[in-house]
Amino acid sequence: MMAEDAHCSCGDLAAHDGRAISDCKDQDERIYMDYNATTPLEAEVIKAITEALREAWGNPSSSYLPGRKAKQIIDQSRESIASMVGGRAEDIIFMSGGTEANNLVFHTAIRHFWKSCGAAKISELGGEHHNGKAILPHIITSNVEHDSVKLTAESLLNEGKADVTFVGASTVTGRVEVEDVLAAIRPNTCLISVMLANNETGVLMPVKELCVRVRALNAQRPSPRILLHTDGAQAIGKVQVNAQELGVDYLTIVGHKFYAPRIGALYVNGPGTLTPLLPMFFGGGQERNFRPGTENTPMIAGLGKAAELVSLHLHEYETHMDSIRQYLEQQLQAVFGKEKIHFNSHFPGSETLPNTCNVSILGAGLQGWKVLSGCRKLLASVGAACHSDRVDRPSHILLSCGIPPEVAANALRLSVGRTTTKRDVDLAVEDLRETVVTCDSPEAESLSPQ
Ligand SMILES: Cc1ncc(COP(=O)(O)O)c(C=O)c1O
């Protein structure tokens, strides 16, 4: 897909509906391959948002027509999101995005631990102090999570509110292995949070198997049970995600990764009944008091429409992205030579997202940031968008997965989307070849046209 589609600066919404792209001022062809950072809005999503802006401007809590219209749109959207992730409408709580959803889960787990820990429970855990240390709720997560999980966990740890174990991803499989998570469980463990798919490598984590094992343990443990959370930001819209089948208590849903606007939702299996959910905000009672604040009807309408599209077309999206990503990988090997290419997203025995190719072009002077800054067409990143101020350092995610520093330093995260074509791939790979030739690298010579 050309980037005018994704990043048009002309400010004309109509220009994005796929018809009027040529209206944009910037005619330079750009190839956008950073769909793990964000996605453009689908035309139908823009339509739903625009209609809601015009027609459903009423306060959804008002009983007259514009209010009722807004409430109806929100209810419909909640149904569509629930159906996309295999939940019930009442399991979906709208929020600002993935960061808020992840924070809410962690804060809920800590507060629920204390709420359900009477004096009897604390003595069961070995008393208020154990080996001179206060008993704290214990959280298990991994060392390859997004910052909205990693930094939340670190802040709870640093503030003395929780003990945290960051289980290391396997350097063989790139996955967070079930046995390693189980080995970290303690009597005071209250939450396990492991992402569904990694945003840099695309590796799919064994969340379903983990949930089966932890649920079996929970059945034998005194309450409070260990709560199970997965951050589904990168998986939703790319592979089938069904919260009930996974067996999670919480699933983070992030709109701007599946062609929806920048809001999100949290799936909670029976919020407040089967699964605790304790609000961080207090206010006017919206979202059943779990997340008060007047609802953002137009963005919720867009999120619902995008969810509908995923439910209808996931197979087609997945098949297309997978074939384009495979073509990209073949072309990279054909142009640079197999020995010059290392795929940081290939791990033996691990499945990955259909759209994510994390690749290093091997050689001195070919650091990812340097290559990308020389590209004239390709728009991609070296890792998570939130680390874009640290591009000159190898990604800690890749290092954690066992990629050697000199290889990780050259990493390019190329993530394709629903409309990426083989022509886009050809142009992007040619752009990379031309850039590498001009880079000050001994590898360059062999790539110059003879
Ligand atoms: C895996 C993952 N989790 C959470 C987030 C954060 O979501 P948001 O940008 O909606 O706060 C992202 C976004 O990049 C992500 O990739």
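Here the structure is a predicted model, which means the values were calculated and not measured.

Here is what the cut-offs are and how they apply
Residues numbered from 1 in each chain as written. Predicted model: local features only at pLDDT ≥ 70, side-chain atom pairs only at ≥ 80, totals over all residues. Heavy atoms only, no water. Helix = DSSP H or I, 4+ residues; strand = E, 2+ residues; numbered from the N terminus. Buried < 20%, exposed > 50% of the residue type's maximum accessible area, 1.4 Å probe, protein only. Contact = heavy atoms within 4.5 Å. Areas by Shrake-Rupley, 256 points an atom, 1.4 Å probe, with all protein chains shown as cover. Expected span 1.5 Å × (residues − 1). Pairing = 2+ DSSP bridges. Near = heavy atom within 4 Å. Polar contact = N/O pair within 3.5 Å; in protein donor to acceptor, adjacent residues only side chain to side chain. Nonpolar A, V, L, I, M, F, W, Y, C, P; charged D, E, K, R; others polar.

Visitor: Lay out the overall build of the protein chain with the relevant residues and their values.
Guide: Tallying secondary structure elements over the protein chain gives 14 helices and 14 strands in all. Taking all 450 residues of the protein chain together, 57% fall into the buried category. Of all intrachain contacts in the protein chain linking residues separated by at least 6 positions in sequence, the fraction that spans at least 24 positions is 73%. Taken as a whole, the protein chain presents about 19,000 Å² of accessible surface, with 53% of it coming from carbon and sulfur.

Visitor: Help me get a handle on helix α4 (residues 98-116), residues and values and all.
Guide: With 19 residues, α4 should reach 27 Å at 1.5 Å per residue; the first-to-last C-alpha distance of 27 Å fits that figure. Within the span of α4, buried status applies to G98, E100, A101, N102, L104, V105, F106, T108, A109, I110 and F113.

Visitor: Tell me about the pairing of strand β8 (residues 227-231), and please be specific about residues and values.
Guide: Of all 5 residues making up β8, 5 are buried, and the element is well covered by its neighbours. Where burial is concerned, the two faces of β8 agree: the one with L227, H229 and D231 and the one with L228 and T230 are both buried. Taken together, the 3 bridges between strand β7 (residues 189-193) and β8 define a ladder with parallel strand orientation. Looking at the pairing, L191 lines up with L227 of β8. Here β8 runs beside strand β9 (residues 250-254); their pairing, made up of 3 bridges, is parallel. Following the sheet pairing, H229 is matched in β9 by Y250.

Visitor: Could you give an account of the site of the ligand, naming the residues involved and the relevant values?
Guide: G98, T99, D231, Q234 and K257 are the nearest of the 14 residues found near the ligand. In the model, an oxygen atom of the ligand is placed 2.5 Å from a nitrogen or oxygen of the T99 side chain. Burial of the ligand by the protein amounts to 84% of the accessible area it has alone, namely 390 Å². By residue number, the principal contributor to the shell around the ligand is α4, which donates 3 residues. Grouping the amino acids of the shell around the ligand by side-chain chemistry returns 3 nonpolar, 9 polar and 2 charged.

Visitor: Which residues make up helix α6 (residues 147-158), and what values do they have?
Guide: Its 12 residues place the ends of α6 15 Å apart at the C-alpha level, agreeing with the 16 Å of an ideal helix rising 1.5 Å per residue. Turning to α6, its buried residues are D147, S148, V149, T152, A153 and L156. Its buried side turned inward, α6 meets α4, β5 (138-142), β6 (163-167), β7 and β8. Among the residues trailing α6, G160 stands out with phi positive, at a value near 70 degrees.

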